[in-house]
Structure formats: C-alpha cells, structure tokens
Amino acid sequence: MRASDKAYSKLFHEIVDGDIAPGTVLAEVEQSTRLGVSRTPLREALSRLIADGLVESAPGRGVVVTEISLENITELYEVREALEEQAARLAAQRRDPKVFIKIAEQFADANRLIESGEEGVRHYYELNERFDEALDEAVNNAYLVSALQNSRVHLSRIRRIARGNPARLHESATETLLIIQAIIDGDAALAAHATHVHLHKSLTNIRASVKGHLKSADVA
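Residues numbered from 1 in each chain as written. Predicted model: local features only at pLDDT ≥ 70, side-chain atom pairs only at ≥ 80, totals over all residues. Heavy atoms only, no water.

1. Some thoughts on the overall build of the chain
Stated precisely, the cut-off is as follows: Strands are runs of DSSP state E lasting at least 2 residues, helices are runs of H or I lasting at least 4, and numbering of each runs from the N terminus. We compute the radius of gyration over the C-alpha atoms and compare it with the globule rule, which gives 2.2 Å times the number of residues raised to the power 0.38. Only protein chains enter the accessibility calculation, which uses a 1.4 Å probe. A residue is then buried if its area is under 20% of the maximum for its type, exposed if over 50%, and partly exposed in between. In what follows, a contact means two residues having at least one pair of non-hydrogen atoms within 4.5 Å. The accessible surface values rely on the Shrake-Rupley method and a 1.4 Å probe; as for residues, cover is taken only from the protein chains in view. We treat Lys and Arg as the positive residues and Asp and Glu as the negative residues; His and chain ends play no part in the count. We put the charge of a Lys on NZ, of an Arg on CZ, of an Asp on CG and of a Glu on CD.
In terms of helices and strands, the chain carries 10 helices and 2 strands. Reading the chain from its N terminus to its C terminus gives the helix and strand order α-α-α-β-β-α-α-α-α-α-α-α. Relative to its length of 220 residues, the chain is compact, with a C-alpha radius of gyration of 19 Å against a globular reference of 17 Å. When the backbone C-alpha atoms are referred to their principal axes, the chain occupies close to 55 × 40 × 30 Å. Every one of the 220 residues in the chain was classed for burial, and the buried ones make up 43%. Excluding contacts between residues fewer than 6 apart, the proportion of contacts in the chain whose partners are at least 24 apart in sequence is 75%. Here the chain has roughly 11,900 Å² of accessible surface; of this, 52% comes from carbon and sulfur atoms. Distance between charge centres in the chain, computed from 27 positive and 33 negative side chains, equals 2 Å.

2. Regarding the packing of helix 5 (residues 97–107) against helix 9 (residues 166–185)
Filter applied, for reference: Axes here mean lines fitted to C-alpha atoms, for a helix over just the part in contact, with angles spanning 0 to 180 degrees between N-to-C directions. The scheme is simple: roughly parallel for angles under 35 degrees, roughly antiparallel for over 145, roughly perpendicular for 65 to 115, oblique for anything else. Crossing chirality is assigned from the near helix's rotation relative to the far helix, an anticlockwise turn below a right angle marking it left-handed and a clockwise turn marking it right-handed. The residue classification treats Ala, Val, Leu, Ile, Met, Phe, Trp, Tyr, Cys and Pro as nonpolar and Asp, Glu, Lys and Arg as charged. All others, Gly included, are polar.
Interaxial distance between helix 5 and helix 9 falls to 9 Å at its minimum, and their mutual angle equals 160 degrees. Accordingly, the angle class assigned to the pair helix 5 and helix 9 is roughly antiparallel. The way helix 5 lies across helix 9 gives a crossing that is left-handed. Between helix 5 and helix 9, the contacting residues are Pro97, Phe100, Ile101, Ile103, Ala104 and Phe107 on the first element and Ala173, Thr176, Leu177, Ile180, Ile183 and Ile184 on the second. Here the contact of helix 5 with helix 9 is composed, by residue class, of 11 nonpolar, 1 polar and no charged.

3. Re the nonpolar core
Definition in use: By nonpolar core is meant a set of buried Ala, Val, Leu, Ile, Met, Phe, Trp, Tyr and Cys residues that side-chain atoms within 4.5 Å join together.
Counting 34 residues, the largest nonpolar core has Phe100, Phe107, Tyr124, Phe131, Ile180 and Ile183 as the members making the most contacts within it. Only helix 4 (70–94), helix 5, helix 6 (110–115), helix 7 (118–139), helix 8 (142–162), helix 9 and helix 10 (188–219) provide two or more residues apiece to this core. In this structure phenylalanine 100 touches Arg95, Phe131, Ala134, Leu135, Ala138, Ile180, Ile183 and Ile184, once residues within four positions along its chain are discounted. Counting residues in each nonpolar core, the second largest holds 19 residues, with Ile15, Leu35, Leu42 and Val55 among its members.

4. Structural notes on the pattern of salt bridges
In plain terms, the rule: Any carboxyl oxygen of Asp or Glu that lies within 4 Å of a side-chain nitrogen of Lys or Arg is treated as forming a salt bridge with it.
Under the criterion given, the structure shown has 17 salt bridges. The shortest N-O distance in the salt bridge between arginine 48 and aspartate 5 comes to 2.8 Å. Placement of arginine 48 in helix 3 (residues 39–52) and of aspartate 5 in helix 1 (residues 3–16) is noted, with a sequence separation of 43 residues between them. Accessibility expressed as a relative area gives 24% for aspartate 5, which makes it partly exposed. Connected through salt bridges with shared partners, the residues Arg168, Glu171, Glu175 and Lys201 form a single ionic network.

5. Thoughts on the UniProt feature "domain: HTH gntR-type" (unreviewed entry) in the chain
As a reminder of what qualifies: UniProt positions are given in the numbering used here, feature names are shortened, and annotations may be inferred rather than shown by experiment.
Under the feature "domain: HTH gntR-type" (unreviewed entry), the UniProt entry names residues 1–68. Between the C-alpha atoms that bound residues 1–68 the distance is 31 Å, and the span itself is 53% helix and 12% strand.

6. A word on the domain arrangement of the chain
A common way to report how large an interface is uses the accessible area buried once the components associate. Quick note on the threshold: As used throughout, domain bounds are those supplied by an automatic or database domain assignment. In short, buried area is how much 1.4 Å probe accessible area vanishes from two parts on joining, totalled over both. Nitrogen and oxygen atoms within 3.5 Å of one another constitute a polar contact, given that in protein one can donate a hydrogen and the other can accept it, and given that sequence-neighbouring residues count only through two side-chain atoms.
Each domain of the chain was delimited in the assignment, giving domain 1 (3–65) and domain 2 (70–218). Placing the centre of domain 1 and that of domain 2 at their C-alpha centroids yields a distance of 28 Å. On the side of domain 2, 6 residues touch domain 1, which itself brings 9 residues to the contact. Of the roughly 620 Å² buried between domain 1 and domain 2 on both sides combined, carbon and sulfur atoms contribute 55%. There are 0 salt bridges connecting domain 1 and domain 2. Our count for the contact surface shared by domain 1 and domain 2 stands at 1 residue pair in polar contact (both at pLDDT 80 or more). Looking at which element gives the most residues to the side of domain 1 that touches domain 2, the answer is helix 1, with 3 residues.

7. Overview of a negative patch on the surface
This is how it is decided: What makes a patch is a set of residues exposed beyond 30% relative accessible area and free of salt bridges, joined within 9 Å when like-charged and within 5 Å when nonpolar (Val, Leu, Ile, Met, Phe, Trp, Tyr).
There is a patch of like negative charges on the surface, built from Glu71, Glu75, Glu78 and Glu81. Tracing the backbone shows glutamate 75 in helix 4.

Written out as structure tokens, the structure is:
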C-alpha cells in the first residue's frame, strides 16, 4: 500500500468513527510523525479527505476536521432523498429477486440483533451495508453509485452521534424491510415511497439526537 493510501485510510476511518473529533486541526508535522509517513504523501491524503468533505482548509489554522451541524445534516438528507429514492426505483426495475430475498431473510433477525447489545447493533449496521451493496449492484449506474457512497460516508459520522436509540433502530429495520420487499416485488413506486418515509423518519430522529448532543457539548 502506498504511503498516501495508508495515511488516507487511517485518517478516514478515525474521522468517520469519531476518534478524531470535528474541529480538530490536523497539523502536518504531528500527523506525519504519528502516521509514519512523510509530509508529501500526507498532503496527498489530506487532499483526498478535502474532496470527501471530511476536512477543510481553514485560514490561519490549516486543515481542520469538518463540523457536524443541524444545517449540514439537513443538506445531506436533501441529497439522500434524491439519490436513494431513485436508487430504490431503479433497483425494483433491474433487480435479481433472489439477491433481495436472501437479504430480506437476514433482516428477519434484525430485532434480535438490536436487542443483543453493542455487538449486535454493529452486526445490524453490517446487515444494512449488505443491503446497500445489493442496491448498488442492482441499479447498475456507476455515477449514481458513486454519489450514494459519498453520502454514506457522512451518514456514518452522524450515526456515531445519533446511535443509542433501540426503538428507532427497530422502526428503521421494519422500514428497510418494506423497501426490500417492494424491490423484490418489482414495485418501483412503492420502493421509492417507502424510502421517502424511511428518510423522513430518520432525519427527524437524527436532528433531535444531534440537537441534544450539541446542547450537552455546550453545557460541558
């Protein structure tokens, strides 16, 4: 693996997982020493992270991890609505039903996973990732898939703040299963509508969670 790829992968996962907090300055000397790479590949990695929207250049500060705010969460969901509803429509039209039948069978275990603690919730999110992969394969549109994958990066950051609501996870699993079933049935209109409802409920929950998180941070 190239040094720049190594630095990018490490920083990418640390930012998405919340190990490097929003607002953190990524000083070149410090990060190149910590990651064991020279400053040139580090700069390449930072340029890729800027393109991802995970860091930004801040005048007088250098490269800084981007903040998570209610405003950019709303903007993200505006993009998700357009992309994911269209992806659901196309998947319902182009899918291999057998692939989604298998995923639906796996989602039948979602409630047990959610109730089984942190490890189970991690497996539940992995199950969602398998659905995303099947959706990407079904739509058969490289441009749409690229845009979807970028939006999921930022969604992963937000989930780190909004996690810890089992009731919402149960609802989300039921909503996702409805989308999957519509895709299996080849019902493009229902797949898109079910996706719309799912995203609306998800945004409402995440905004409430993040608002509470930001208030707690202000108090602290």
